[in-house]
Amino acid sequence: MGSEVPFFRPDISEEEISAVVATLRSGWLTSGPCVERFEREFAACVGAAHAVAVNSCTAALHLAVEALGLKRRQAVLVPTMTFAATAEVVRYQGATPILVDCDPQTLNLSLEDAARKLAQLTEGRLPPRIRADLPVVGIMPVHVGGLMMDMEAIWAFAVEHNLWVVEDAAHALPAAMRRQDGTWQRCGEGTADVTCFSFYANKTITTGEGGMAVTNNRNLADRMRLMSLHGLSRTAWGRYTGQGSWDYEIIAPGYKYNLTDIAASLGIRQLARAEQMRRRREEIAARYLEAFAEVEEIELPPTDPARLHAWHLFPIRLRLERLRVSRNGFIERLCACGVRCSVHWRPLHLHPYYRERFGWRPSDLPIATRVWERLVSLPIFSAMTDDEVARVIQAVKELCARYARPTGHAR
Ligand SMILES: *Cc1c(COP(=O)(O)O)cnc(C)c1O
């Protein structure tokens, strides 16, 4: 059977290793010339005016909501179907995340439910620990798995309700959507007030840990840059090189979110390969979609001709009514066959903190509550071999056949 198929394996070239080594030998390790170049090239790649490199997407999201002025006694619409980071940065500012249900197919935020949640807030029908008089100031869409939401629809909603938009694009590099007029818009190309990307170890490009906030708004970019490094008037690179002076002033109590040159030297090369790595994932997705098209025990992730899909994840949904095994049982058995899977995600409202702090109940977000129990993310990464893809396909098909519930039809 060969060795195990991991859920993810990083795709790091020899050239990338050499670039990191060269930085280690260069005499400058923290934020400096490599970070400046990474920011410039990243902004050009996604079509944004400004890019601020930081040490995680979480940091980027935090800087974004801080720069937009988020504070206590305000609320933000956040999808329940996301990773911890999207909602926790709202809590960092002392504000309240209002959780929004997802679309059952794409798993992306449902604007229909967002409108419902706004109405329920004013009617005092949200969980009792969410005050009905909170002004809702923003919305934070997440492109789950790298399939972009319709950002034109998000903007129409945001304008109607006077909201800012911060995009959690942790899965969406590179990704794009076709506008109403037929032209393509890249994720980050003015798609939000601030768009935040992740370079965590298993994201579509990596710097080990890292992130980027992009925006077309100079004031937001300046504020995020200032707050990313202790609120200092000048960076160390600016102070210790060229015409720089040793002196600086503290403008605000900022954070320690800057990216290192070690990380950026890896990021520059990964960025140059981002589309090539995406194409490999697209190829793998195409093989899964074809191989599983007739497998009645599972539902496949949607595709859309109006989207360039980043394919960070390949989430299938089990038809549990057709299977004699639970989702967790399915994952355990795949693991026993040598295929490692994951789940994205247990929705936020089913975690103790959000349940207890705000009083969310499973029935407040019924679609996410039901769908997450059926979710399985299959391995999809650019370094995956054809043999590994074939083994995943074989293992999933075999399990579905073995645990299929007789339906009365000939199979
Ligand atoms: C990974 C992830 C993040 C956090 O990224 P970090 O770079 O690890 O901070 C945020 N949101 C989503 C949807 C993610 O998947």
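Residues numbered from 1 in each chain as written. Predicted model: local features only at pLDDT ≥ 70, side-chain atom pairs only at ≥ 80, totals over all residues. Heavy atoms only, no water.

1. Quick notes on helix α11 (residues 327-336)
Piece 1. Within α11 the residues assigned to the buried category are Arg 327, Gly 329, Phe 330, Ile 331 and Leu 334.
Piece 2. Packing partners of the buried residues in α11 comprise β12 (314-318), β13 (375-378) and α14 (386-403).
Piece 3. One or two positions beyond α11, positive phi appears at Gly 338, with a value near 90 degrees. (Buried < 20%, exposed > 50% of the residue type's maximum accessible area, 1.4 Å probe, protein only. Helix = DSSP H or I, 4+ residues; strand = E, 2+ residues; numbered from the N terminus. Contact = heavy atoms within 4.5 Å.)

2. Brief notes about the UniProt feature "active site" (unreviewed entry) in the protein
Piece 1. Those residues carrying the UniProt feature "active site" (unreviewed entry) are Lys 203 in this numbering.
Piece 2. Within the element layout of this structure, Lys 203 appears in the loop between β8 (194-198) and β9 (211-215). (UniProt positions renumbered as here; feature names shortened; annotations may be inferred.)

3. Focus on the UniProt feature "modified residue: N6-(pyridoxal phosphate)lysine" (unreviewed entry) in the protein
Piece 1. As recorded in UniProt, the sites labelled "modified residue: N6-(pyridoxal phosphate)lysine" (unreviewed entry) are Lys 203.
Piece 2. For Lys 203, a relative accessible area of 15% puts it in the buried group.
Piece 3. Setting aside residues no more than four positions away along its own chain, Lys 203 makes contact with Phe 8, Ala 170, His 171, Ser 198 and His 312.

4. A few points about the packing of helix α10 (residues 274-291) against α14
Two numbers describe a pair of packed helices, the interaxial angle and the distance between the axes.
Piece 1. The contact between α10 and α14 brings their axes to 11 Å, and the two run at 30 degrees. The pairing of α10 with α14 is recorded here as roughly parallel in orientation. For α10 against α14, the interelement crossing comes out right-handed. Between α10 and α14, the contacting residues are Arg 280, Ile 284, Arg 287, Tyr 288 and Ala 291 on the first element and Asp 386, Val 389, Ala 390, Val 392, Ile 393 and Lys 397 on the second.
Piece 2. Residue composition of the contact of α10 with α14, by class: seven nonpolar, no polar and four charged. (Axes fitted to C-alpha atoms, helices over the stretch in contact; angles between N-to-C directions. Parallel < 35°, antiparallel > 145°, perpendicular 65-115°, else oblique. Left-handed = near helix turned anticlockwise from the far one by under 90°. Nonpolar A, V, L, I, M, F, W, Y, C, P; charged D, E, K, R; others polar.)

5. Regarding the site of the ligand
Piece 1. For the ligand, the set of nearby residues contains 15 residues, the closest of which are Thr 58, Asp 168, His 171, Ser 198 and Lys 203.
Piece 2. Contact between the ligand and Cys 57: an oxygen atom at 2.8 Å from a main-chain N or O atom of the residue.
Piece 3. The separation between an oxygen atom of the ligand and a polar side-chain atom of His 171 is 2.7 Å.
Piece 4. In isolation the ligand has 390 Å² of accessible area, and contact with the protein removes 93% of it. (Near = heavy atom within 4 Å. Polar contact = N/O pair within 3.5 Å; in protein donor to acceptor, adjacent residues only side chain to side chain. Areas by Shrake-Rupley, 256 points an atom, 1.4 Å probe, with all protein chains shown as cover.)

6. Remarks on the nonpolar core
Piece 1. The biggest cluster of nonpolar side chains holds 88 residues, and the ones touching the most others in it are Phe 38, Phe 42, Leu 77, Met 140 and Phe 197.
Piece 2. Per-element tally for this core: the top contributor is helix α3 (residues 57-67), with eight residues.
Piece 3. For this core, the domains that each give at least three residues are domain 1 (14-272) and domain 2 (275-402).
Piece 4. Counting residues in each nonpolar core, the second largest holds 32 residues, with Ile 284, Val 325, Val 339 and Leu 399 among its members. (Core = buried A, V, L, I, M, F, W, Y, C linked by side-chain atoms within 4.5 Å. Domains from an automatic or database assignment.)

7. Re the sheet that holds strand β5 (residues 164-168)
Piece 1. Spatially, seven strands are ordered β1-β9-β8-β5-β4-β2-β3 in an open sheet, and the strand pairing comes out mixed. Of all strands in the sheet, those with a lone pairing partner are β1 (50-54) and β3 (96-100), marking the two edges. Between one strand axis and the next, the sheet turns by 25 degrees as a mean value, whatever way the strands run.
Piece 2. Relative to β5, strand β4 (residues 136-139) runs parallel, the two sharing two bridges. The residue bridging Gly 138 from the neighbouring strand is Trp 164, located in β5. (Pairing = 2+ DSSP bridges.)

8. Here's the deal with the environment of Glu 296
Piece 1. With respect to the helices and strands, Glu 296 occurs in the loop between α10 and β10 (298-299).
Piece 2. On a C-alpha basis, the gap between Glu 296 and Leu 61 in space is 39 Å, while along the polypeptide they are 235 residues apart.
Piece 3. Sequence-distant contacts of Glu 296, defined by excluding residues within four places in its chain, comprise Arg 319 and Arg 322.
Piece 4. Of note is the side chain of Glu 296, whose polar atom sits 3.1 Å from the side chain of Arg 322.

9. Some words on the pairing of β5
Piece 1. Counting buried residues in β5 gives five out of five residues, a clear majority hidden from the surface.
Piece 2. Across the two faces of β5 the burial is the same, with Trp 164, Val 166 and Asp 168 and Val 165 and Glu 167 all buried.
Piece 3. In terms of handedness, the path from β4 via helix α6 (residues 151-161) over to β5 forms a crossover that is right-handed.
Piece 4. Bridge analysis of β5 against β8 gives three bridges, and the strand direction is parallel. Within β8, the residue paired with Glu 167 across the bridge is Thr 195. (Right-handed = clockwise from strand over helix to strand, strands pointing away.)

10. Considerations on the packing of aromatic side chains
Piece 1. Following the criterion strictly, the structure yields 12 aromatic pairs and no others.
Piece 2. Taken together, a centroid distance of 6.1 Å and an interplanar angle of 80 degrees make the contact between Phe 38 and Phe 42 edge-to-face. Of this pair, Phe 38 and Phe 42 are both found in helix α2 (residues 33-46), four residues apart, which corresponds to roughly one turn of the helix. Phe 42 carries the same exposure label as Phe 38, and that label is buried.
Piece 3. Among the aromatic side chains, those forming a connected cluster through ring pairs are Phe 38, Phe 42, Phe 197 and Phe 199. (Phe/Tyr/Trp six-rings, centres within 6.5 Å; stacked < 30°, edge-to-face > 60°.)

11. Quick notes on the domain arrangement of the protein
Piece 1. Along its sequence, the protein is organised into domain 1 (14-272) and domain 2 (275-402).
Piece 2. Between the C-alpha centres of domain 1 and domain 2 the distance comes to 26 Å.
Piece 3. The interface is formed by 48 residues belonging to domain 1 together with 37 residues belonging to domain 2.
Piece 4. Each partner contributes to the roughly 3600 Å² buried at the junction of domain 1 and domain 2, and carbon and sulfur atoms together form 64% of this total.
Piece 5. For the pair domain 1 and domain 2, the interface holds zero salt bridges. (Buried area = accessible area lost by both parts, 1.4 Å probe. Salt bridge = Lys/Arg side-chain N within 4 Å of Asp/Glu carboxyl O.)

12. Some words on the state of the cysteines
Piece 1. Enumeration according to the criterion identifies zero disulfides in this entry.
Piece 2. The thiol sulfur of Cys 34 is not disulfide-bonded, and the nearest other cysteine sulfur, from Cys 45, lies at 18 Å.
Piece 3. Here Cys 196 is not cross-linked by a disulfide; its sulfur's nearest cysteine counterpart is in Cys 57, at 5.5 Å. (Disulfide = S-S within 2.5 Å.)

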